[in-house]
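Observations on the model geometry
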Amino acid sequence: MSESNDIDEGFYSRQLYVLGHEAMRRMGTANVLIAGMRGLGVEIAKNVILSGVKSVTVQDEGLAEWMDFSSQFFLLASHLGQNRAMSSLSQLSALNPHVHVSAHTGPLKETLLQQFQVVVLTDSSLDDQKRFGTFCHSNGIKLIVADTKGLCGQLFCDFGEDFEVLDTDGETPASAMIDHITKADPGVVTCIEQRHGFVDGSTVSLSEVCGMTKLNSYGPVDIKVLGPDSFSICDTSSFSEYEKGGVATEVKNTKILKFKPLDEALVDPELLVMTDYGKMTKHQTLHLAFQALHGFVKRVGRLPKPRSQLDAELLVAMVTELNKVSQLDQLDEGVVQSLSFTACGDLAPVNAFIGGLAAQEVLKACTGKFTPLQQWLYFDALECLPEDGGEGEQLTESTCSPRGSRYDGQTAVFGSGFQERLGEQKYFLVGAGAIGCELLKNFALIGLGAGEGGHITVTDMDSIERSNLNRQFLFRSQDIGRQKSEVAAQAVRVMNPNMNITAHQNRLDPDSEQVYGHTFFMGLDGVAAALDNVEARVYLDGRCVQHQRPMLEGGTLGSKGHTLVVVPHLTESYGPAKTGSQNAIPLCTLKNFPHRIEHTLQWARDQFEGLYKQAAEHVNLYFRDAAGFLERTLGRGEAEALEVLGCVWGGVGGQRPQGWEDCVGWARRQWETLYNNDIAQLLHCFPSDQLTSSGLPFWSGAKRCPHPLTFDPNNTTHMDYVVAAANLYGQIYGIVGTRDCSAIRSILERVHIPAFTPKSSVKIHLTDKEMEEERESGNLDTGRLEELQKKLSSPPVNSAVLQMHPIDFEKDDDSNFHMDYIVAASNLRAENYDIPTADRHKSKLIAGRIIPAIATTTAAVAGLMCVELYKLVQSHRKISSYRSGYINLAVQYCVLSEPLGPQRFIEAIQLQLGCAVLG
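The protein appears in an unreviewed UniProt entry as E1 ubiquitin-activating enzyme from Hucho hucho. Looking at the protein in UniProt, the text filed under Pathway (unreviewed entry) is "Protein modification; protein ubiquitination." UniProt's Sequence similarities (unreviewed entry) comment on the protein is quoted here verbatim: "Belongs to the ubiquitin-activating E1 family."

Okay, here's the thing in structure tokens:
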């Protein structure tokens, strides 16, 4: 459990970085009702349960039938004829041990709804939506209506008259270091950074300002942006003159939103949120068409039959009648006809997308975190239907009629011939993590590779960890330690016993090309990338381009997600990796001039790698081949050789610890060197009142003047560093340590700390360029280098006994001292430089380079990827049929747009003409 003893941080690890502790606590008190357990309902329930509300009740009076199996992933053949809610209960309950899940098989009534803070209606009639919408609105119950019909989806939210949004977007408050503040009305603030990150109307607080100190206690102030590095604030004309320093930090304000009840919102076109700006008319038409569809069912007693022209004509007439009131400028009758032709369909990818969005709205309703949908959203993927003149059978009532198959919900949209084609596909899925699990679920439901000759190959080299369980829904606690690809493959075979799937544990890189070579790629119909790093995506994209195979690619970062479809000769590829050097922290900043907690955390990571991994690896390489190691090391240049050989001598010479007391002594001396001596030396070279050649203070702007620390055994952070550093040092030498602080304090009383006197001969580099020039100048202690060469020329005879144990950094094991060291090391350095410290949670995010993740975004992204898969399988050749997607569920921002075309190159052929001279 967490430090606050109420949130299971091990289970919710990655989600906590999206929602935060306070939102998670509020969510833990919420009771949610989800009505309807067909494909969309179970998708929403899955995501909400994984997210960690207090309880979820699933309601459904209906019995499972074959039509449900195309998208309801928790139904088995043995459930046919049984209640859908009860059939799904055990699987839903197993998703999250912290959430109580129950089933209700009776009808929806107001007395039932009163027990919940949030109600979700799926697969419901318009009459019920209006009736329960009015009830919920007047009783303070948040209502979400979600519906999908074939390739179209609908989402509606009503969170009441006064819904408070505590954090509109979840972004970290922007901050900027101040370079100057004018004494004027209004005062103008100029920042050190080229882009301060604020927008007009932002509210900021000012701190650490020297001279114009009144601003430090002035409180939040509204700003007006004047430029990328400047903004105006309040009247500063009566304040003291600005001297130096200062930080401007964004203050996030709450927001009150008002919602209309469903019956009023139905007739308000201003409440329609666009997802595809090229489809504005379509979605305005869909708003009427979904209403007409309810009227059709009420009149005829069923949905329109697939491909029935008569039913389509009736639905068009009903929409036209509704438009006499709405008076849309344009009514897209083609959209109404397509909706009628496909409304019987029930597609897993569409449910995954709408279900991800709807579940995120549930979390917003429970927590006030993020901006909710106001109030209608429509989605359609009608471009998935066969292109004019495209391949495949002609879709008719006959080809789209049900066959008593698990794919009936899909056949109703695409026909039986397309289903056979799906089954014959050979696809390669790289990654079985969060997106990989969602893709495999969708593959199983749509029957990708599940027919004769079809096959799915999935590879993932990782094993399952507890932190995966919160969003990688194919895994359970009993699977921890097992290979992701194997468990995922087994899980989807249960969903669809016809799945032909092989699990590999290979990393995709040049070393695996003997497995995934030319023959392998040429045997594929396509590739899906569910990877968590750019380098692997670029490599896979290159392999697909080389072999002219289509690729589906998607990724998430918290509430944000993107999708990309790469079609050979039609769309652009993922492309080469963009250089990240512009985001790298300069070495001189890390070494001497940190000014953000990110700098001290990266410094702490570098310390960890150098002290506990690289030094031990160098020693082991030396023991393995001393002569060869020395030759290779000296060949890298004298500067690097001096550093590496010094580390090696420390591990084999007189500095090698003989027991636990030596480890504690080493840790204490490290503390003194890093947090006192090094800082004293820096201040000796650049005193606090140092001026630049221009007469300006040296310690100003991004250069924060540090101060040395004095060790205090009663200071928790000081002791945290010593305990962690000593234990880690012991581990690389095979020495067992302890967490007993009393015993360690006793040892510390006997540790001798040498006196330190700063040296005037030490040069401290102000820039990375200076540092590099120093290394290249050869101005080094060559005598020391020769001494180390001589000492290491003959390795010890007992080298096997002296082998060391390098440590690989692992952020998720709270017992291994890794994060203990990082947090303490970083926060002590932050204290040196008066930088606000970071708690363990934030430190783990930054130092562990954790990618925040949540099940809702993952589900939505995987859904969009599989929508594009439908087009690839049909060999769509119009670029206008495809969509790239970008979503941010925190602010319900969904943009689907036509992808860019491929880069085109003109090959220049130089003709060399020889001239013969006749004489």
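The next point concerns the UniProt feature "active site" (unreviewed entry) in the protein. The residues that UniProt annotates with the feature "active site" (unreviewed entry) are Cys588. By the secondary structure assignment, cysteine 588 is in helix α18 (residues 587-591). Classification of cysteine 588 as buried rests on a relative accessible area of 8%.

Across four bridges, strand β19 (residues 455-459) lies against strand β20 (residues 501-504) in parallel orientation. Following the sheet pairing, threonine 457 is matched in β20 by threonine 502. With respect to chirality, the unit in which β19 leads through helix α15 (residues 484-495) into the neighbouring parallel β20 is right-handed.

For the rest of this paragraph, the subject is the state of the cysteines. Scanning the entire structure with this criterion turns up zero disulfides. The thiol of cysteine 157 is unpaired, and the distance to the nearest cysteine sulfur, on cysteine 894, comes to 12 Å. Assessed through its relative accessible area of 0%, cysteine 157 is described here as buried.

Turning next to the pattern of salt bridges. The tally for this structure, following the rule as stated, stands at 43 salt bridges. For aspartate 812, the salt bridge identified is with arginine 14, shortest N-O distance 2.8 Å. Highlighted residues: aspartate 812 in the loop between α26 (782-792) and α27 (818-832) and arginine 14 in helix α1 (residues 13-19), separated in sequence by 798 residues. Look at aspartate 812 and you get partly exposed, because its relative accessible area is 25%. The exposure class assigned to arginine 14 is buried, which follows from its relative accessible area of 8%. Salt-bridge contacts for glutamate 110 lead to arginine 131; the nearest nitrogen and oxygen are separated by 3.0 Å. Placement of glutamate 110 in helix α5 (residues 110-113) and of arginine 131 in helix α6 (residues 126-138) is noted, with a sequence separation of 21 residues between them. Look at glutamate 110 and you get partly exposed, because its relative accessible area is 25%. A relative accessible area of 40% places arginine 131 in the partly exposed class. Counted as one network, the salt bridges with shared partners bring together Arg38, Asp60, Asp68, Arg84 and Asp346.

Next up on the list: the side chain of lysine 441. The residue lysine 441 is located in helix α14 (residues 434-446) in this model. Assessed through its relative accessible area of 1%, lysine 441 is described here as buried. Among the polar contacts listed, one links the side chain of lysine 441 to the side chain of asparagine 442, at a separation of 3.2 Å.

Definitions and cut-offs
Residues numbered from 1 in each chain as written. Predicted model: local features only at pLDDT ≥ 70, side-chain atom pairs only at ≥ 80, totals over all residues. Heavy atoms only, no water. UniProt positions renumbered as here; feature names shortened; annotations may be inferred. Helix = DSSP H or I, 4+ residues; strand = E, 2+ residues; numbered from the N terminus. Buried < 20%, exposed > 50% of the residue type's maximum accessible area, 1.4 Å probe, protein only. Pairing = 2+ DSSP bridges. Right-handed = clockwise from strand over helix to strand, strands pointing away. Disulfide = S-S within 2.5 Å. Salt bridge = Lys/Arg side-chain N within 4 Å of Asp/Glu carboxyl O. Polar contact = N/O pair within 3.5 Å; in protein donor to acceptor, adjacent residues only side chain to side chain.

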